[in-house]
Amino acid sequence: MQVINEMKLVIDALSVNEGYCRVAVATFVSQLDPTIEELNDVKTSVSEAVTNCIVHAYPKKRGKIYITARLYADGLSRVTIKDRGIGIEDVKKAREPLFTTAGGERSGLGFSVMESFSDKLTVRSKPGWGTSVTIEKRIAGKGK
Ligand SMILES: Nc1ncnc2c1ncn2[C@@H]1O[C@H](COP(=O)(O)OP(=O)(O)OP(=O)(O)O)[C@@H](O)[C@H]1O
Ligand SMILES: [Mg+2]
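Residues numbered from 1 in each chain as written. Chains lettered and ligands numbered in written order. Predicted model: local features only at pLDDT ≥ 70, side-chain atom pairs only at ≥ 80, totals over all residues. Heavy atoms only, no water.

### Quick word on the site of ligand 1
Residues in contact with ligand 1 amount to 18 residues; listed here are only the nearest, Asn52, His56, Asp83, Thr100 and Thr101. Taking Gly108, its main chain carries an N or O atom lying 3.0 Å from an oxygen atom of ligand 1. Protein chains bury 94% of the 600 Å² of accessible surface belonging to ligand 1 in isolation. Taken together, the residues of the shell around ligand 1 break down into 6 nonpolar, 9 polar and 3 charged. (Near = heavy atom within 4 Å. Polar contact = N/O pair within 3.5 Å; in protein donor to acceptor, adjacent residues only side chain to side chain. Areas by Shrake-Rupley, 256 points an atom, 1.4 Å probe, with all protein chains shown as cover. Nonpolar A, V, L, I, M, F, W, Y, C, P; charged D, E, K, R; others polar.)

What follows is the structure, encoded as structure tokens:
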């Protein structure tokens with residue numbers, strides 16, 4: 001399927017930047033004329049993925065978040081949120097509801113939320129290499 005528009009964003013993995021990432025991606029996806037609900041789904045998924053980069057990826061050093069968003073002619077939006085942080089040892093386990101390595105501070109529901117608010121979620125990760133999360137959301141839109 002043909003890519004009709006693409007954007008890339010590289011930003012420091014700081015909690016102060018979470019809102020910017022969420023709004024930047026949402027504004028870009030708005031071109032597909034989503035309903036408010038569709039746009040909120042994208043915002044929620046992006047927010048969870050970006051928060052994971054901020055909270056988990058770089059425990060010892062400063063690092064970046066790499067975001068690519070692509071829009072397709074058939075109304076698909078595909079957003080990849082990547083870091084070059086510590087990575088995840090067991091992705092299957094990490095994706096299970098309530099799994100967290102953050103002790104009592106977190107609920108371990110981020111991946112479950114991303115999964116339920118998107119059409120497809122792909123997670124690639126390797127310890128020492130980083131993590132890449134791709135969120136696909138089909139925008140049926142208002143007038144379609
Ligand atoms: N970008 C990342 N880098 C390294 N580890 C990650 C990353 N994203 C997720 N993880 C690992 O996967 C686990 C599950 O992530 P998930 O988002 O589902 O839950 P959480 O972040 O622990 O809690 P919540 O999202 O509910 O606040 C995390 O606890 C962490 O160990
Ligand atoms: Mg999380």
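Text resumes after the structure shown.
### Quick notes on the pattern of salt bridges
Taken as a whole and assessed by the stated rule, the structure comprises 8 salt bridges. Asp12 is the salt-bridge partner of Lys64, the closest N and O atoms lying 2.8 Å from each other. Residue Lys64 is located in strand 2 (residues 64-72), and its partner Asp12 is located in strand 1 (residues 3-12); the two are separated by 52 residues in the primary sequence. Ionic pairing is found between Arg78 and Glu136, a salt bridge with its closest N-O pair at 3.3 Å. Taken as a pair, Arg78 in strand 3 (residues 76-83) and Glu136 in strand 5 (residues 130-138) lie far apart in primary sequence, 58 residues in all. Judged by its relative accessible area of 12%, Glu136 is buried. One salt-bridge network, held together by shared partners, links Asp12, Arg62 and Lys64. (Salt bridge = Lys/Arg side-chain N within 4 Å of Asp/Glu carboxyl O. Helix = DSSP H or I, 4+ residues; strand = E, 2+ residues; numbered from the N terminus. Buried < 20%, exposed > 50% of the residue type's maximum accessible area, 1.4 Å probe, protein only.)

### Side note on the nonpolar core
Val25, Val50, Ile65, Ile67, Ile81, Phe111 and Val133 are the most contacted members of the largest nonpolar core, which has 35 residues in total. A total of 8 residues in this core trace back to one element, the largest contributor, which is helix 2 (residues 36-57). Here Ile65 is in contact with Leu9, Val10, Ile11, Asp12, Ala13, Val50, Cys53, Ile54, Ile81 and Lys82, once residues within four sequence places are set aside. (Core = buried A, V, L, I, M, F, W, Y, C linked by side-chain atoms within 4.5 Å. Contact = heavy atoms within 4.5 Å.)

### A short note on the pairing of strand 3
Where burial is concerned, most of strand 3 is hidden: 6 out of the 8 residues are buried. Between the end of strand 2 and the start of strand 3, which pair antiparallel, lie 3 residues, with Gly75 showing a positive phi angle near 95 degrees. Bridge count for strand 3 against strand 5 is 8 bridges, and the pairing is antiparallel. For Lys82, the partnering residue across the bridge sits in strand 5 and is Ser132. (Pairing = 2+ DSSP bridges.)

Coordinates in, geometry out; function isn't part of it.
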